[in-house]
Structure formats: C-alpha cells, structure tokens
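The residues making up each chain are set out below.
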Amino acid sequence: MPGSCRPHPRDRAGKRHTRASLNRSSETRPAAQRATTLEMVRLACPDAPQATRICESFGLPIVDSDGIRELHRNRLIDSADALKEGLAEKAMQIHMQRIVGSFVGSAYGAGQFYSRAVTEARDLTTKLSNGDRNEDLDGPVGFDSRAQRKREFAADMGLQAHVLRMAAEGAVSAYEDITGETWKPYGQLARQLFSLSSTRYAAVFDYDFRRHM
C-alpha cells in the first residue's frame, strides 16, 4: 500500500538472530552465586574442640579461639565508633555488612579447602589399606612419606579454617551490636540450598587423623 513501510527481509532476519542470541545467552548464563551464611561456615570449619584434637594429634599450636573471636568483635566495634560521626545509620549498616561478609566468605572458602584436603588424605589412606604401599614408603632421608605429608597438610588447613571461623563469628557478633540487627548475606536472605550437607562435613570432622599417623 502507498505510504506503508515494510521491513527489509534482511532486517527481519537480523531481529530473529538477535532474539535467538539473547535466548541462548539467558539459557547459558550461570545462576547467581549462592549467598554464604555463618551457618555454612560452621558446617565447613572445625569448632574449638575439633581444632584442639587436630592440634594435639599433629603437634600444632593450640590457639585461643575465644580470644580470636573477641578481638575481631572488639576491633569492628571500635571501628564503628570511629566512623559513626561521619556515617548515617544506613550507610554504617551497609559498610559493616560488607566487611562482615568478607570475613564470612573467607572462612567458608577455607572450610571448603580443608574439606578437599581431608578427602585427599582419606583417599590416599584407603589406597594404602587396599595394599598399595608405595605411597607410604619413606621418602629420602629426613623427609616424610607422601601419605604423611597429606595428613599433615589437611591438619594445617583445618587449623586455618578454624581460626577464620572464629574471626567470622566475632565479626557477625559485632555487626549485631553495632546495628541491632542480625547479619544476613548481602543482596538476599540466606537459603538452605548449598550443596555440601552437614552429613558430609560431620564425616570430615569424624576422620581420626591419629589412626593414620
């Protein structure tokens, strides 16, 4: 018809291609990263009695768990006191929320790494119990066997995960004192959807290092 304007076939094809590309990108876009909660940290990282058993088994220094927690709690409270004259209440809450989130995320990452280290130590021990003794042969003079090094490495990672858990607990406690609210992960409420179950972590903590020294 006169005055009508029809899109060129190439234009229509281009629009179809654009829509198809957008649909594909939305299908392949990874899901948003799950929020890390303090409960997840507690499942992933050893508590004080578990950390003490690890330290005693491997001759590691016994740490002051309560002292670490209180130190980080007090430091954050002192920081908030220094900032309160220049920050509005909401700005303070956002600032502290992000600081606490970094402590929680760091502790959870350490807990996951510890879990992998324990799994590797256990797998190697199982291999030895099935008759493959090569992995447990003494190394060169002055060096431990590969299996023993794996167990010692897992113990070191357990202690690291524990002290970071204590720091995270102190930070969360400070947030509650500063804001009067319970700390939640940034952007959304905590979800009970993380893939590592409490049963799996319980098995990790029940692993008896001393049996395999």
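Predicted model, so just to flag it, every value in this text is computed and none were measured.

## Some points on the overall build of the chain
Part 1 of the reasoning: On a plain count of helices and strands, the chain comes out with seven helices and zero strands.
Part 2 of the reasoning: Moving toward the C terminus, one meets the helices and strands of the chain in the order α-α-α-α-α-α-α.
Part 3 of the reasoning: Split into buried and exposed, the 213 residues of the chain put 33% on the buried side.
Part 4 of the reasoning: Taking all contacts inside the chain whose residues are at least 6 apart in sequence as the whole, residues at least 24 apart take part in 82%.
Part 5 of the reasoning: Surface exposure of the chain reaches about 13,500 Å², of which carbon and sulfur atoms provide 52%.

## Comments concerning the nonpolar core
Part 1 of the reasoning: By size, the foremost hydrophobic cluster in this structure holds 34 residues, and its most contacted members are Val41, Leu60, Val100, Val104, Tyr114, Val172 and Trp183.
Part 2 of the reasoning: Those elements that place two or more of their residues in this core are helix 2 (38–44), helix 3 (48–58), helix 4 (65–83), helix 5 (89–129) and helix 6 (146–179).
Part 3 of the reasoning: A total of 11 residues in this core trace back to one element, the largest contributor, which is helix 5.

## Overview of the packing of helix 4 against helix 6
Part 1 of the reasoning: Where helix 4 meets helix 6, the closest approach of the two axes is 7 Å, and the angle between their N-to-C directions is 40 degrees. What the angle tells us is that helix 4 and helix 6 run oblique. Here helix 4 and helix 6 pass one another in a crossing that is right-handed. Of the residues in helix 6, those in contact with Ser65, Ile68, Arg69, His72, Arg73, Leu76, Ile77 and Ala80 of helix 4 are His162, Val163, Met166, Ala167, Glu169, Gly170, Ala171, Ser173, Ala174, Asp177 and Ile178.

## So, the packing of helix 3 against helix 6
Part 1 of the reasoning: Where helix 3 meets helix 6, the axes come as close as 10 Å, and the angle between the chain directions of the two elements is 145 degrees. Note that helix 3 runs across helix 6; the crossing there is left-handed. On the side of helix 3, the interface is formed by Ala48, Ala51, Ile54, Cys55 and Phe58, while helix 6 contributes Gln148, Arg151, Glu152, Ala155, Gly158, Leu159 and His162.
Part 2 of the reasoning: Along the lines of polarity and charge, the residues of the contact of helix 3 with helix 6 split into seven nonpolar, three polar and two charged.

## Points about the pattern of salt bridges
Part 1 of the reasoning: Going through the model one piece at a time under the given rule, you end up with seven salt bridges.
Part 2 of the reasoning: The partner of Arg73 in a salt bridge is Glu70, and the shortest N-O contact between them spans 3.7 Å. Of this pair, Arg73 and Glu70 both sit in helix 4, three residues apart, which is roughly one turn of the helix.
Part 3 of the reasoning: Classification of Glu70 as partly exposed rests on a relative accessible area of 36%.
Part 4 of the reasoning: As a salt-bridge pair, Arg73 and Asp177 come within 2.4 Å of each other at their nearest N and O atoms. With Arg73 in helix 4 and Asp177 in helix 6, this residue pair connects regions lying 104 residues apart in the sequence.
Part 5 of the reasoning: Look at the salt bridges and you will find they share partners, linking Arg42, Asp66, Arg69, Arg165 and Glu169 into a network.

## What about the confidence of the model for the chain?
Close inspection of predicted coordinates is inappropriate for parts of the model with low pLDDT.
Part 1 of the reasoning: Scored by pLDDT, the chain comes out at a mean of 79, with 64% of its residues at no less than 70.
Part 2 of the reasoning: Confidence scores differ between elements of the chain, with helix 1 (residues 9–28) showing the lowest mean pLDDT of 50 and helix 4 the highest of 98.
Part 3 of the reasoning: For residues 24–32, every residue scores under 50 in pLDDT, and the model assigns this stretch one contact once sequence neighbours within four places are set aside.

## Focus on the environment of Ser115
Part 1 of the reasoning: Turning to its location among the elements, Ser115 is positioned in helix 5.
Part 2 of the reasoning: As for Ser115 and Ala161, which are separated by 46 residues in sequence, their C-alpha atoms are 9.7 Å apart.

## Some remarks on helix 3
Part 1 of the reasoning: Taken together, the buried positions of helix 3 are Gln50, Ala51, Ile54, Cys55, Ser57 and Phe58. On an axial view of helix 3, the arc spanned by its buried residues comes to 165 degrees, and they lie on one face.
Part 2 of the reasoning: Just beyond helix 3, the residue with positive phi is Gly59, at close to 70 degrees.

Cut-offs used in this document
- Residues numbered from 1 in each chain as written.
- Predicted model: local features only at pLDDT ≥ 70, side-chain atom pairs only at ≥ 80, totals over all residues.
- Heavy atoms only, no water.
- Helix = DSSP H or I, 4+ residues; strand = E, 2+ residues; numbered from the N terminus.
- Buried < 20%, exposed > 50% of the residue type's maximum accessible area, 1.4 Å probe, protein only.
- Contact = heavy atoms within 4.5 Å.
- Areas by Shrake-Rupley, 256 points an atom, 1.4 Å probe, with all protein chains shown as cover.
- Core = buried A, V, L, I, M, F, W, Y, C linked by side-chain atoms within 4.5 Å.
- Axes fitted to C-alpha atoms, helices over the stretch in contact; angles between N-to-C directions.
- Parallel < 35°, antiparallel > 145°, perpendicular 65-115°, else oblique.
- Left-handed = near helix turned anticlockwise from the far one by under 90°.
- Nonpolar A, V, L, I, M, F, W, Y, C, P; charged D, E, K, R; others polar.
- Salt bridge = Lys/Arg side-chain N within 4 Å of Asp/Glu carboxyl O.
- pLDDT = per-residue confidence, 0-100.
- Arc of directions from axis to C-beta.

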